[in-house]
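# A structural walkthrough
The chain contents come next:
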Amino acid sequence: MTATQRSATGDTSESVLDLGVEGMTCGSCAARVEKVLGREEGVREASVNYATGKAHIAFDPARTDLEGLTAAVDRIGYALSAPEQPDVHAEEEAAAQAGWRRRVLVAWPLGLAVLVLSLTAMDQEWARWTIFALALPVQVWVAWPFLATAVERARSRTANMDTLIAMGTLAAFGFSTVRLFTGGALYFDTAALIVAFLVLGRYFEARAKQRASGAIRALLELGAKEATVVVDGEERTVAVDSVRVGDLLRVRPGEKVPVDGEVTEGASAVDESMLTGESVPVDKGPGDRVAGATVNAQGALTVRATAVGSDTALAQMVRLVEDAQSSKAPVQRLADRISAVFVPAVIGLATLTFAGWSLLAGDPSGGVVAAVAVLIVACPCALGLATPTAIMVGTGRGASMGVLIKGAEVLESSKRIDTVVFDKTGTLTRGEMSLTQSVPADGVDEGDLLRLTAAVEDASEHPIGRAVVTAARDRGIDLPTVDEFTSVTGHGVRATIEGRTVSVGRRKLMAEDGLAIAEVLEDAADRFEADGHTAIFAGWDGQTQGVLAVADTVRDDARTEVAALGELGITVAMITGDNQRTAEAIAAQVGIDTVLAEVLPADKSAEVARLQDQGQVVAMVGDGINDAPALVQADLGIAIGTGTDVAIESSDITLLSDDLSGVATAIRLSRRTFRTIGQNLGWAFGYNTAALPLAAFGLLNPIIAGGAMAFSSVSVVTNSLRLYRFQKR
């Protein structure tokens, strides 16, 4: 067996293994494997993630080894394996999802048919046998994964939710089969509908797991597949995997930078939004560093490779997502926590009931009936329905409101959130540059300033120039013809229009072209920059004729959403790669006091971890690729649905539209749904606790037990349906 192995930081005597875990079917399985691994001698840390099917183990190789860890897990009925490649894992997840879907399509029609016949024709012989025939495939084929897992757990002397399911459905089915021949009420509908609801829950769970693992696959697909290597002045196209450190690469406009490197020749603007999340391309020239998977927007570049393979920035981001997923403690399902104690107790009580009636009362037949009543009343119908029905209704209501919630773990996390961290670009802001203001010099018409500036920028591909051109066209301004266009990398552009040279760009370009800047324009530019905007000057005829402000503007609903979160008692912060002054200006516009500025992509995840170390329970809201590690590091990741696939797949909650009001709505709905699950489990467990003694003492025969159990299930479903009344505020 092989495994991914790397040295733990700062401790050369410690090994770290990332392994696949086979045989897990629920959160309690992950907890069991994690507990066993953690008890092994020499293991410093063991974390098992049910969603990814992986175990992250840090251990002392002098005290234990892979064979010992494998043997320990084998003893409890699971298996360790080499972690699968993302594409292989995706195929297995898709197959599992399809398998649960087939079971759902069989279970529900048969289960509903059994229910209808049980309610309308139970006393007719033909109907009783028809009910048996319809329920049999549900119990044998549809429920087979639960039954098989329960047998495996029994062999290893453990129990989980599948044990409860197997006990309850087999008790109801077996007792009903006996009654089919001897007469009396049947409980085939109970067994069939329990299975139907639970396979539906497993189907939704499989879908959520597939989405979660899609984050890493999406990251891996961002990189370039080929590179143009320059050898002795000749260009050769090769696979990116064959590039070595020191190779010279040619990157043309529009191409992805293949690997991390340093520019040796050329000048261009590089779109680093996948890395930084910022919308404005960064000017690059000789000596500047570029990252793999970023996009060369303008001129040709020659780049010397400095990092390839697993050492590139993209690979490090993939590793950040993997580490954040594996280090996050798996949330056990509440029903599994209860079942860990409840199942052995029920088995023991049923055994004692039969023994007591047989030995003390001398009535073995009465003991059988009482023991069966115990098993039926303990059948986890309400327990099995408590979580999936609330999740189905809550997530369905969320979807109708544009909020996608990805499972019970999300609901539990949302209950504890006290801090929400917003990414700036594309989340609080629109993610695209636009013209916000313009100030012409004395005697210059504002329309003429915009006309000439836009005409020069029309030949440029820079986002700032695009913003000016868009503003001019939106106002219906006709742009004149441009001659002798020149781009001055890092400073601006110039061109000849109607016989005069027009320069557009930064202060340095104005100085180089001998264009004086009036004090009123300098003051306006300082004011723009203080507000977090980018100031560009336009000049001709020996003078700077005006200054224009371009900015990534704040969303209209940002301030309202920040206020809504404050009403929920949540602290709001903003995180961005922008400089401190720009970040504070944006934060002031939306009402945020806590600003985390000049934060690099890898540090976003670290900033979230720092807040968590301070005792805060953090939700991260973002839409960019660079947000993915922070989204999975956070206790709750919320992605804007119009953002990148990576951010969406890495998140716990996705807002299907770009309406920021969905953030507070998502948290409120998640909390409400989790509270409903708690109420359901409380009722279901309370019902079992109260009814079990009555059944054991023969005061609750199986017929009444079945009716009481049905009432318990109806109450749980009814309580869940109340979530449909949830409304936005």
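Within any chain, residue numbers begin from 1 and follow the written order of that chain's sequence. Given that the model is predicted, a residue must reach a pLDDT of at least 70 before its local features are reported, and side-chain atom pairs must reach 80 or more before they are shown or counted; all residues, however, enter totals for whole chains, interfaces and linings. The side-chain quantities take in all heavy atoms of the structure and omit both hydrogens and water.

### So, helix α18 (residues 519–530)
- With 12 residues, α18 ought to run about 16 Å at 1.5 Å a step, and its terminal C-alpha atoms sit 16 Å apart, in line with that.
- Think of it in three bands: residues with accessible area under 20% of the maximum for their type are buried, residues over 50% are exposed, and the middle band is partly exposed, with areas taken using a 1.4 Å probe on protein chains only. Secondary structure elements are defined from DSSP: runs of H or I of at least 4 residues count as helices, runs of E of at least 2 residues count as strands, and each element is numbered from the N terminus. Every buried residue of α18 is listed here: L521, A524, A525 and F528. The buried residues of α18 occupy an angular sector of 100° when the element is viewed end-on, so they sit on one face.
- Residue contacts follow a heavy-atom distance rule, with two residues in contact if any of their heavy atoms lie within 4.5 Å. Here the buried face of α18 lies against β17 (429–440), α17 (507–512), β21 (534–540) and β22 (543–554). What a helix is expected to span follows from its residue count: subtract one and scale by 1.5 Å. The reported arc concerns the directions from the helix axis to the C-beta atoms and nothing else.

### Regarding the pairing of strand β9 (residues 260–265)
- With five bridges joining them, β9 and strand β14 (residues 301–307) adopt antiparallel strand pairing. The residue bridging V263 from the neighbouring strand is V303, located in β14.
- We treat two strands as partners when DSSP finds at least two bridges between them. Pairing geometry for β9 and strand β12 (residues 289–290), over two bridges, is antiparallel. By the bridge assignment for β12, G261 is matched with V290.

### Topic: the pattern of salt bridges
- What counts as a salt bridge is simple: a side-chain nitrogen of Lys or Arg found within 4 Å of a carboxyl oxygen of Asp or Glu. Evaluation of the coordinates by the stated rule reveals 17 salt bridges.
- The salt bridge involving R451 is made with E498; its shortest N-O contact spans 3.1 Å. Note that R451 is positioned in helix α15 (residues 446–457) and E498 in the loop between β19 (492–497) and β20 (500–505), a separation of 47 residues in sequence.
- Here E498 falls in the exposed class, since its relative accessible area comes to 52%.
- For the salt bridge of D513 with R494, the shortest nitrogen-to-oxygen distance reads 2.7 Å. Within this pair, whereas D513 is found in the loop between α17 and α18, its partner R494 is found in strand β19, the two being separated by 19 residues in sequence.
- What emerges from the salt-bridge pattern is a single network uniting R507, E522, D526 and E529.

### Re the packing of α15 against helix α16 (residues 463–474)
- One can describe the packing of α15 onto α16 by two numbers: an axis separation of 8 Å at closest approach and a directional angle of 130°. Of the possible angle classes, the one that applies to α15 and α16 is oblique. The chirality of how α15 crosses α16 is left-handed. Between α15 and α16, the residues in contact are L450, T453, A454 and E457 and G465, R466, V468, V469, A471 and A472, respectively. Angular values range over 0 to 180 degrees, each being the angle between N-to-C directions of two axes fitted as lines to C-alpha atoms, with helices fitted over their stretch in contact. When describing relative orientation, an angle under 35 degrees is termed roughly parallel and one over 145 degrees roughly antiparallel, while 65 to 115 degrees is termed roughly perpendicular and anything else oblique. Throughout, a crossing is termed right-handed when the near helix is turned clockwise from the far one, and left-handed when it is turned anticlockwise from it by less than a right angle.

### So, a nonpolar patch on the surface
- A residue counts toward a patch only above 30% relative accessible area and without a salt bridge, and it is joined to like-charged neighbours within 9 Å or, for Val, Leu, Ile, Met, Phe, Trp and Tyr, to nonpolar neighbours within 5 Å. Reported accessibility uses the Shrake-Rupley method at a 1.4 Å probe radius. Residues are deemed covered only where the shown protein chains occlude them. A surface patch of nonpolar side chains, amounting to about 360 Å² of accessible area, comprises L694, F697 and L699.
- Tracing the backbone shows L694 in helix α24 (residues 662–696).

### Focus: the UniProt feature "transmembrane region" (unreviewed entry) in the chain
- UniProt positions are given in the numbering used here, feature names are shortened, and annotations may be inferred rather than shown by experiment. The sites that UniProt annotates as "transmembrane region" (unreviewed entry) are residues 104–121, 127–147, 159–178, 184–204, 338–360, 366–387, 677–697 and 703–724.
- As annotated, residues 104–121 comprises 94% helix and 0% strand, and the C-alpha atoms at either end are separated by 25 Å.

### Examining the side chain of R451
- Counting of polar contacts relies on pairs of N or O atoms within 3.5 Å, with two restrictions inside protein: one atom must be capable of donating a hydrogen and the other of accepting it, and residues adjacent in sequence are counted only when both atoms are side-chain atoms. Of the polar contacts made by the side chain of R451, one reaches the side chain of E498; its length is 3.1 Å.
- Once residues lying within four places of it in the same chain are set aside, the contact partners of R451 are I477, D478, L479, P480 and E498.

### Here we look at helix α4 (residues 125–142)
- Between its first and last C-alpha, α4 extends 25 Å over 18 residues, near the 26 Å set by a 1.5 Å rise per residue.
- In the structure, α4 departs most strongly from a straight axis at A135, where the bend amounts to approximately 30° and where the proline P137 lies between one and four residues downstream.
- Among the residues making up α4, those that are buried are A127, R128, I131, F132, A135, V138, Q139 and V142. In this analysis the local bend is the angle between axes fitted, respectively, to the seven residues ending at and the seven residues starting at the residue.

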